[in-house]
Amino acid sequence: MAGFSRSPTELLCDDVSLSALAVAEGTPLYVYSAATIRDRFRALDRAFGDYPHAVHYALKANSTLALARLLREQGSAADANSIWEIDLALKAGFAPGAIVFTGVGKSPAELARAVPLGLKAINVESAGELARIEALASAAGRVARVAIRVNPDIDAKSHPHISTGLKINKFGVPLDEARALFATFRGRPALRLVALHVHVGSQITTTEPIAKAAALMAALVGELRALGITLEYVDLGGGLGISYEGQPVPTPDDYAAALLSAVRPLGLPIVIEPGRSVVGPAGALITRVIDVKPRTADSEFAVLDAGMTELMRPALYGAYHAIEPLTIRAGAERFYELVGPICESTDVVGRDRWLSPLEVGDALAIRDAGAYGSAMANNYNRHPLPAEVLVDNGAWRVIRRRQTIDDMTTMETL
Ligand code: LLP
């Protein structure tokens, strides 16, 4: 069975025993289901039917090379948020023309490298950035392909830390300023405005904000046409949420319908930049219990070998991830605070969880960790970056070995 499923005795990934993987590769360990990534990518891609569209997987969600390559092989293009994600995309085999370059702050060095690459577009975040791109393109005798990222002042109704579409957020060009910029393109031969871009936030669980943003973009495309500017496409960003707690979320079909109802009358091709919805449910972080100790009269701490260094989301956003033992011990469920080993009180991976009894050495899966898990892992407390395994077609392979202390210190001097 594709993805994570339970046999009578244990949790499996694409029918491979996670307990066996944990023994073979140690913990903490990220495990991904290739079948799930493919299925989720295809479902999203198919939802747009024959309407002209391109799916640019948002590498920021997880840019481990093998996963980037897997998605490229499925026909995905890429959304990169830094010159280093562009480097990664190129290493994974994406052509420059299949990469869009987003990001609220692109340094002079990043722009100097990006402009001559011939990317599909650089998504521009301000009038100043547009002028810097223009100067670089002009000096190189090139025409830079740009998209204006519009800040639509729309509430994504997601977690405030991952909402990007309000005027108070740092992202994009406010509407009135964007309109003023459009009018300047006629006299700027080193720039070609190929698209408009919008992204209102991440982990969006209703289609309403996405549909609203798409409708606004459609109206702007109309205004541009009136100015005699014809775009190649409109980039509607990412943001489709996943069900971390079993709550209903829009299906790929709901999502596509919401976007297409706004843009179909234009007939203009669209780009989407999904990250989480493609890889989130395809990954789990496998961890072991390293200590159990009393907490309150009716609860215990289970200290895990993975914490905020391996998976930052709970500590950073209070995010919920389902957590389950790989094998269920007999006995009544107990009440646990699942914490990491990091020297921070905020290092709690799962609050107030009823679970089958846990003992030191037991392995657990932290679910839905495929997006913004490994990608945000760090070396605090000198925790090595965890190993990563891809399960594909009944076989598995290490796609990133565990970092060592030598890897970590190789850039340092005594
Ligand atoms: N496009 C742009 C311009 C973005 O800023 C993002 C995400 C995406 C696409 C992909 O969004 P997705 O489809 O994955 O929602 N670390 C946070 C999420 C930060 C999202 C940043 N931007 C988390 O763990 O929830």
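For the structure itself, look to the data block above.
In this text the structure is predicted, and so the values were computed from the model without any measurement. (Residues numbered from 1 in each chain as written. Predicted model: local features only at pLDDT ≥ 70, side-chain atom pairs only at ≥ 80, totals over all residues. Heavy atoms only, no water.)

Visitor: Can you lay out the packing of aromatic side chains for me, pointing to particular residues and giving the numbers?
Guide: Scanning all chains against the criterion turns up three aromatic pairs. On the numbers, 6.1 Å between centres and 5 degrees between planes, the contact of Tyr30 with Tyr32 is stacked. When sorted by exposure, Tyr30 lands in the same class as Tyr32, which is buried. Considering the side-chain rings of Phe48 and Tyr255, the 6.1 Å spacing of their centres and the 90 degrees angle between planes classify their relative orientation as edge-to-face. Of this pair, Phe48 sits in the loop between helix H2 (34-47) and strand S5 (53-58) while Tyr255 sits in helix H9 (residues 252-263), and the two are 207 residues apart along the sequence. Of the residues examined, Phe48 reaches a relative accessible area of 2% and is grouped as buried. Lying over the aromatic face of Tyr233, Lys120 brings its terminal NZ or CZ to 5.0 Å of the ring centre. (Phe/Tyr/Trp six-rings, centres within 6.5 Å; stacked < 30°, edge-to-face > 60°. Buried < 20%, exposed > 50% of the residue type's maximum accessible area, 1.4 Å probe, protein only. Helix = DSSP H or I, 4+ residues; strand = E, 2+ residues; numbered from the N terminus. Lys NZ or Arg CZ within 6 Å of the ring centre and 35° of its normal.)

Visitor: Any chance you could break down the packing of helix H7 (residues 175-182) against helix H8 (residues 208-226) for me, citing the residues and the numbers?
Guide: Closest axis-to-axis distance for the H7/H8 pair is 11 Å, and the angle between their directions is 25 degrees. For the element pair H7 / H8, the angle class is roughly parallel. As for the relative orientation of H7 and H8, their crossing is right-handed in sense. Between H7 and H8, the contacting residues are Leu175, Arg179 and Phe182 on the first element and Leu216, Leu220, Glu223 and Leu224 on the second. Per-class residue counts for the contact of H7 with H8 are five nonpolar, no polar and two charged. (Axes fitted to C-alpha atoms, helices over the stretch in contact; angles between N-to-C directions. Parallel < 35°, antiparallel > 145°, perpendicular 65-115°, else oblique. Left-handed = near helix turned anticlockwise from the far one by under 90°. Contact = heavy atoms within 4.5 Å. Nonpolar A, V, L, I, M, F, W, Y, C, P; charged D, E, K, R; others polar.)

Visitor: Describe the side chain of Asn62, listing the residues and the values that go with them.
Guide: By the secondary structure assignment, Asn62 is in the loop between S5 and helix H3 (65-73). Accessibility expressed as a relative area gives 0% for Asn62, which makes it buried. A polar atom in the side chain of Asn62 sits 3.0 Å from the side chain of Tyr32. With sequence-adjacent residues up to four places away left out, Asn62 is seen in contact with Tyr32, Tyr57, Leu67, Val279, Gly370, Ser374, Ala375 and Glu388. (Polar contact = N/O pair within 3.5 Å; in protein donor to acceptor, adjacent residues only side chain to side chain.)

Visitor: Quick one: what's the story with the side chain of Thr64, residue by residue and with numbers?
Guide: With respect to the helices, strands and loops of the structure, Thr64 is situated in the loop between S5 and H3. Residue class for Thr64 comes out buried when judged on its relative accessible area of 10%. Setting aside anything within four residues of it in sequence, one finds Thr64 in contact with Ser374, Glu388 and Ile399.

Visitor: Can you lay out the site of the ligand for me, pointing to particular residues and giving the numbers?
Guide: In the vicinity of the ligand there are 20 residues, among which Ser202, Glu273, Arg313, Tyr317 and Tyr372 approach most closely. A distance of 3.5 Å separates an oxygen atom of the ligand from a polar atom in the side chain of His199. Arg276 places a polar main-chain atom, nitrogen or oxygen, 2.8 Å from an oxygen atom of the ligand. Calculation on the ligand without its partners gives an accessible area of 590 Å², and the protein chains cover 92% of this total. The site holding the ligand turns out to be the largest pocket. Partitioning the shell around the ligand into residue classes produces six nonpolar, eight polar and six charged. (Near = heavy atom within 4 Å. Areas by Shrake-Rupley, 256 points an atom, 1.4 Å probe, with all protein chains shown as cover. 1 Å grid on protein atoms, 1.4 Å probe; cavity = no way out; pocket = protein on both sides within 12 Å on 5 of 7 lines; lining within 4 Å. Sits in = over half its atoms within 2 Å of the grid points.)

Visitor: Any chance you could break down the sheet that holds strand S2 (residues 11-13) for me, citing the residues and the numbers?
Guide: Pairing is antiparallel in the open sheet, where three strands are placed in the order S1-S2-S3. With partners counted over all chains shown, the strands left at the sheet margins are strand S1 (4-6) and strand S3 (16-17), one partner each. Bridge count between S1 and S2: three bridges; the pairing is antiparallel. Bridge pairing in S2 links Phe4 to Cys13. (Pairing = 2+ DSSP bridges.)

Visitor: Just give me the short version of helix H6 (residues 127-139), but keep the residues and values in it.
Guide: Between its first and last C-alpha, H6 extends 18 Å over 13 residues, near the 18 Å set by a 1.5 Å rise per residue. On its buried face, H6 sits against helix H5 (108-114), strand S8 (121-124), strand S9 (144-151), H7 and strand S11 (191-197). You can read the cap of H6 off the contacts: a side-chain oxygen lies 3.3 Å from the backbone nitrogen of Gly128, and it is on Ser126. (Expected span 1.5 Å × (residues − 1).)

Visitor: Give a description of empty space enclosed by the protein that names residues and reports values.
Guide: One simple way to see leftover space: roll a probe sized like a water molecule over the atoms. The tally for this structure, following the rule as stated, stands at one cavity of 30 Å³ or more. In this structure, the largest cavity spans a volume of roughly 50 Å³. As for the largest cavity, its lining consists of Val198, His199, Val200, Ile210, Ala213, Ala214, Leu236, Gly238 and Leu259. Here the element with the most residues in the lining of the largest cavity is H8; it accounts for three residues. For the lining of the largest cavity, the class distribution of residues is seven nonpolar, two polar and no charged. (Points joined across faces, edges and corners; volume = space filled by probe spheres on them.)

Visitor: How would you sum up unusual backbone geometry? Please name residues and give values.
Guide: With an omega of -5 degrees, the peptide bond between Thr27 and Pro28 qualifies as cis. Following the sequence through the fold, Pro28 ends up in the loop between helix H1 (18-25) and strand S4 (29-33). In the Ramachandran plot, Asp368 falls in the positive-phi region, its phi being about 55 degrees despite a non-glycine side chain. Mapped onto the elements, Asp368 comes out in the loop between strand S19 (363-366) and strand S20 (387-392). Taking the relative accessible area as the measure of exposure, Asp368 reaches 10% and is therefore buried.

Visitor: Give me the pairing of S20: which residues, what numbers.
Guide: Successive side chains on a regular strand alternate, one facing one side of the sheet and the next facing the other. Among the six residues of S20, five are classified as buried, and the element is accordingly described as predominantly covered. In this structure, S4 lies alongside S20, joined through five bridges in parallel fashion. Note on S20: the bridge partner recorded for Tyr32 is Leu390. The pairing of S20 with strand S21 (residues 395-400) spans five bridges and is classified as antiparallel. Looking across to S21, one finds that Val389 is bridged to Val398.

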